[in-house]
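Here are the chains, one letter per residue:
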Amino acid sequence: MTISYKWLSGYLPVTVDPERLSRILTSIGLEVESMNKYEEVKGGLQGLVIGEVLSTEKHPNADKLTLTKVNIGRTDSLQIVCGAPNVAAGQKVVVATVGTTIYPSTGDPLTMKVATIRNVESHGMICAEDEIGLGTSHAGIMVLPGEVTVGTPAAEYFQPYNDIVYEIGLTPNRMDAMSHWGVARDVCAYLSHHDKKDIKPKLPITNSFKIDNTSFLIDVKVENATACPRYSGISIDNVTIKESPNWLQQKLKAIGLRPINNIVDITNYIQHETGQPLHAFDADAIYGRKIIVKNLPAGTRFVTLDEKERTLSAEDLMICDEKEGMCIAGVFGGLHSGVTEKTKTIFLESAFFDGITIRKSSFRHGLRTDAASRFEKGTDISATVNVLKKAANLIKEICSGEITSEIVDIYPKKKEKTEIAIKWHYIKKLSGKNYHPDAVKNILNSLGFEIMKEGIDELRVAVPYHKPDITLPADIVEEIVRIDGLDNIDIPEAITITPAVEENYAKEVYREKTANYLVGLGFNEMMTNSITNAAYFSGEELQSMVTMKNSLSAELNILRNSLFETALEVVAHNLNHKNNSLRLFEFGKAYSSSGPGKYNESEKLCIVISGNKTEDSWKQKSVSADFYLLKGTVDTLLKSLGIIPVSIEKLFVPKLDNHIVYKFNNQIIAGAGEVKKAILDKFGIKQPVFLAELNWQFLSEQASTQTTIIKEISRYPAVQRDIAMIVSKELVWEEVQMTVQKIKLDKLQDIKLFDIFESEKLGAGKKSMAVNFTFQDEGKTLTDKEIDGWMSKIMTSLEKELQAEIRK
């Protein structure tokens, strides 16, 4: 939710500085996630000044350049070379002096310096509107009215709109704060409680509403009163569709909305002011001058404002005329009934729709509009008419319209306010604070609650219509604590707890051990969303994945089947923020489906490496990370868990090059490889990424069955021997390891590959591998005779099994 400081301040009877307001908002549960300066004109025209062109003459070395003398209110004039064709003596112009930074409408900022143009010095620039962000025209320099005072700062003359904008992390139950007026009500409640003053927000609704005539009547009929408990509307004739006034455009732009035309802008303005969505129909497009709120048959085709044809469900509530549907109620308008530049008469709708109905339609058609998000959370059913009056007055004022009907208000069954009884001791028990009854009543009154009855041990209140989420005594306590300040909750001196005793804790122990091991290697833990974007996956993959029926958004619509794609999102995010050397890991869950209603959930461990293995320093140059750094990490991690893979094999997968899998008891326990360039391109990643995914569910279970043996370091020395052998180029290291392991030499402690050499001199399709063997006996010093015997067995086996040629 985006809140404008200036807009919000318009409803506050006292001035609250932006920093304090930010703290207040967070304290009352409207967490400020960011607080940024908004500038209608980037840079705010700082450093620009109004000048007067004193004289012009042709540039001595260029036909299309003009040499000017410009007065900017100083004792000496500036010599400026100008390329604009319309520059002339006597003009009042905007001047960027040396040292000023200008922000063009397109392109990068530019700081003025003394420039030599065709051997003539230029001390600044006479500006066109696109060069300083005031427009898009580059036909010539801006020429201002003659009465403008020379030396006036451009910011003072143009007065560009500046504001401070808050991004609020609004929880789903706070529909009452989805407007500037709603936030102002909370802020005033906080100020009243803490400053001990009666501070009430200024009402956005006035009593100046007046009907001009009743010449354009629209009949309204609600057939589905369950989905539409209240429907209000009014006709306005002789409207002029044009751009909105500057003040309205500025307010909308500040909160990130694009001005469209005065009618649409007014409905957007009212929605963000009061929280009540409105919809404007072209009244001349309403067939039979009749509106019917009903459901159309399933399969009905309907073209929405975005020119897409959609197939309706029988559950979709529609706003129809006598002929066809005009709007998906509370969600999105139709193409043929919307306001255009030719519209002269409008019918303005202000309604209350059932939240569940609207949410289902919104998700069903993939239309996540601002109006739908408000209706689905709940709007104020009591406000439809008052908001309609405010909007109608604005349309009269801005669009020169005439109100040509009475307000239509279909409200067959008045909704009663929810009443809640709450015990005083319950407030203390739940909040941990002993509030004075007067403080409680004042807080509730300032939020719009009505005190129905007060007893010795109980308080009964009526919940205002703008808080449909308040249904329980606990909700009342939350409101009290919120306004008192969530950061004012007392922390007791002693906390009594009963520790939980877990039986199966080994899994968490191994997870913590593994995380600490990876952190020790320089890795950082990442946390990603299990819900991801279906666009990342092929049609074949999607068949076995779990699709969200009610997705959070178009980009979050499927449960991931691995941690691969979400990890690449993190890599892309870090690279975009110039964090180029990455070592990341994540424990997370992956999901799959083996048929309708058959779902599987598994735990994975993802390891990602990208960038440099070591950075530049005085001692060494940077070294890029490679696949073997990833493989070594996986190898030692498995070893730390006491798991020795039975085999390591190459396995083709569509998304990874050089992909290998680790097998244990005929099950794949891990896979590792380099992400293919085509996949990296989809994420905008321009450097190699190496990724491994481990079956953590299996590994953690297996680790608990392994026995860890600790023994002292042997007193007897280890002995190392090397051999070099010529083998086929196709031979992989794992085959060498397995061949040696088959001999089952008890005293062989380790086997390592330390060199690979390829040359035509070795023969076609051949390579040389150099291998190191380490032998050790825990009970004695080994003799050369023993070691020679073992090495002989090893060489014989390699020659026989792998057709290796031992190099002498």
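In case you missed it, the structure is sitting above this.
Colleague: Can you explain the overall build of the protein chain? Please cite residues and give values.
Modeller: Within the protein chain, the regular secondary structure consists of 20 helices and 43 strands. Projected onto the principal axes, the alpha-carbon positions of the protein chain cover approximately 115 × 90 × 65 Å. In the protein chain, once contacts between residues fewer than 6 apart in sequence are set aside, the share between residues at least 24 apart is 70%. Carbon and sulfur atoms form 49% of the exposed surface of the protein chain, whose accessible area is close to 42,000 Å². Separation between the mean location of the 95 positive side-chain charges and that of the 106 negative ones in the protein chain comes to 2 Å.

Colleague: Tell me about the pairing of strand 26 (residues 450-454), and please be specific about residues and values.
Modeller: Relative to strand 27 (residues 458-462), strand 26 runs antiparallel, the two being bridged by four bridges. Bridged to Ile451 within strand 27 is Val461.

Colleague: With reference to specific residues and values, describe the packing of aromatic side chains.
Modeller: This structure, assessed with the given rule, holds 12 aromatic pairs. Pairing Phe627 with Tyr628 gives two aromatic rings, centres 5.5 Å apart and planes at 75°, and the pair type is edge-to-face. We classify Phe627 as buried; its relative accessible area is 12%. Taking relative accessible area as the criterion, Tyr628 reaches 61% and is therefore assigned exposed. What links up through ring pairs into an aromatic cluster is the set Trp7, Trp247 and Tyr269. Here Arg368 stacks its cationic end above the ring of Phe363, 4.2 Å away from the centre of that ring.

Colleague: Could you give me a rundown of the environment of Leu802, with the residues and numbers involved?
Modeller: You can see Leu802 is positioned in helix 20 (residues 784-802). Note: C-alpha distance between Leu802 and Gln741 (61 residues apart in sequence) is 14 Å. When near neighbours in sequence (up to four residues on either side) are disregarded, Leu802 contacts Leu731, Glu735, Val736, Thr739 and Ser797.

Colleague: Outline the state of the cysteines, listing residues and values.
Modeller: On inspection of all chains with the given rule, the structure shows zero disulfides. You can see Cys82 has no disulfide; the closest cysteine sulfur is in Cys127, sitting 9.4 Å from it.

Colleague: Describe in detail the packing of helix 19 (residues 733-743) against helix 20, supporting the description with residues and values.
Modeller: Look at helix 19 against helix 20: their axes get within 10 Å of each other, and the N-to-C directions meet at 125°. For the element pair helix 19 / helix 20, the angle class is oblique. In terms of crossing hand, the pair formed by helix 19 and helix 20 is right-handed. Across from Glu735, Val736, Thr739, Val740 and Ile743 in helix 19, the residues of helix 20 making contact are Lys793, Ile794, Ser797, Leu798, Glu801 and Leu802. Of the residues that constitute the contact of helix 19 with helix 20, the class distribution is six nonpolar, two polar and three charged.

Colleague: With reference to specific residues and values, describe the layout of surface pockets.
Modeller: Over the atoms a probe the size of a water molecule is rolled, and this reveals where empty space is left. The space that makes up the largest pocket amounts to roughly 2,000 Å³. Lining the largest pocket are 42 residues; nearest its centre among them are Lys631, Asp635, Ile648, Trp733 and Gln737. Of all the elements in the fold, those that place two or more residues in the lining of the largest pocket are helix 16 (627-640), strand 36 (647-650), strand 37 (656-664), helix 19, strand 41 (748-757) and strand 42 (766-775). Here the lining of the largest pocket takes eight residues from helix 16, the largest share from any one element. Of the residues contributing to the lining of the largest pocket, the split by class is 22 nonpolar, seven polar and 13 charged. Here the second largest pocket is characterised by a volume of approximately 940 Å³.

Colleague: Tell me what's going on with the environment of Glu799, and back it up with residues and numbers.
Modeller: Topologically, Glu799 is positioned in helix 20. You can call Glu799 partly exposed: its relative accessible area is 39%. The spatial distance from the C-alpha of Glu799 to the C-alpha of Ile726 is 9.8 Å, given a sequence separation of 73 residues. The contact partners of Glu799, leaving out residues within four places of it in the chain, are Ala804 and Ile806.

Colleague: A description of helix 2 (residues 18-27) should follow, citing residues and the corresponding values.
Modeller: Pro18, Leu21, Ser22, Ile24, Leu25 and Ser27 are the residues of helix 2 that are buried. Where helix 2 is buried, its residues meet helix 1 (5-9), strand 2 (31-39), strand 12 (162-169), helix 4 (180-195) and helix 12 (473-484). At the N-terminal end of helix 2, a side-chain oxygen is found 3.1 Å from the backbone nitrogen of Glu19, two or three residues along, and the residue is Asp17. A positive backbone phi angle near 95° is found at Gly29, which sits one or two residues after helix 2.

Colleague: Outline the nonpolar core, supporting the account with residue identities and numerical values.
Modeller: In this structure, Leu25, Ile395 and Ile476 are the most contacted members of the largest nonpolar core, which totals 71 residues. Here the element with the most residues in this core is helix 9 (residues 384-399); it accounts for eight residues. Contact partners of Leu25, with chain neighbours within four places excluded, come to Leu30, Glu31, Val32, Tyr166, Ile168, Val183 and Val187. In terms of nonpolar packing, the next biggest core, distinct from the first, is built from 33 residues, Phe216, Tyr231, Met318 and Ile319 among them.

Quick notes on the rules
Residues numbered from 1 in each chain as written. Predicted model: local features only at pLDDT ≥ 70, side-chain atom pairs only at ≥ 80, totals over all residues. Heavy atoms only, no water. Helix = DSSP H or I, 4+ residues; strand = E, 2+ residues; numbered from the N terminus. Contact = heavy atoms within 4.5 Å. Areas by Shrake-Rupley, 256 points an atom, 1.4 Å probe, with all protein chains shown as cover. Lys, Arg positive; Asp, Glu negative; His and termini not counted. Charge placed at Lys NZ, Arg CZ, Asp CG, Glu CD. Pairing = 2+ DSSP bridges. Phe/Tyr/Trp six-rings, centres within 6.5 Å; stacked < 30°, edge-to-face > 60°. Buried < 20%, exposed > 50% of the residue type's maximum accessible area, 1.4 Å probe, protein only. Lys NZ or Arg CZ within 6 Å of the ring centre and 35° of its normal. Disulfide = S-S within 2.5 Å. Axes fitted to C-alpha atoms, helices over the stretch in contact; angles between N-to-C directions. Parallel < 35°, antiparallel > 145°, perpendicular 65-115°, else oblique. Left-handed = near helix turned anticlockwise from the far one by under 90°. Nonpolar A, V, L, I, M, F, W, Y, C, P; charged D, E, K, R; others polar. 1 Å grid on protein atoms, 1.4 Å probe; cavity = no way out; pocket = protein on both sides within 12 Å on 5 of 7 lines; lining within 4 Å. Points joined across faces, edges and corners; volume = space filled by probe spheres on them. Polar contact = N/O pair within 3.5 Å; in protein donor to acceptor, adjacent residues only side chain to side chain. Core = buried A, V, L, I, M, F, W, Y, C linked by side-chain atoms within 4.5 Å.

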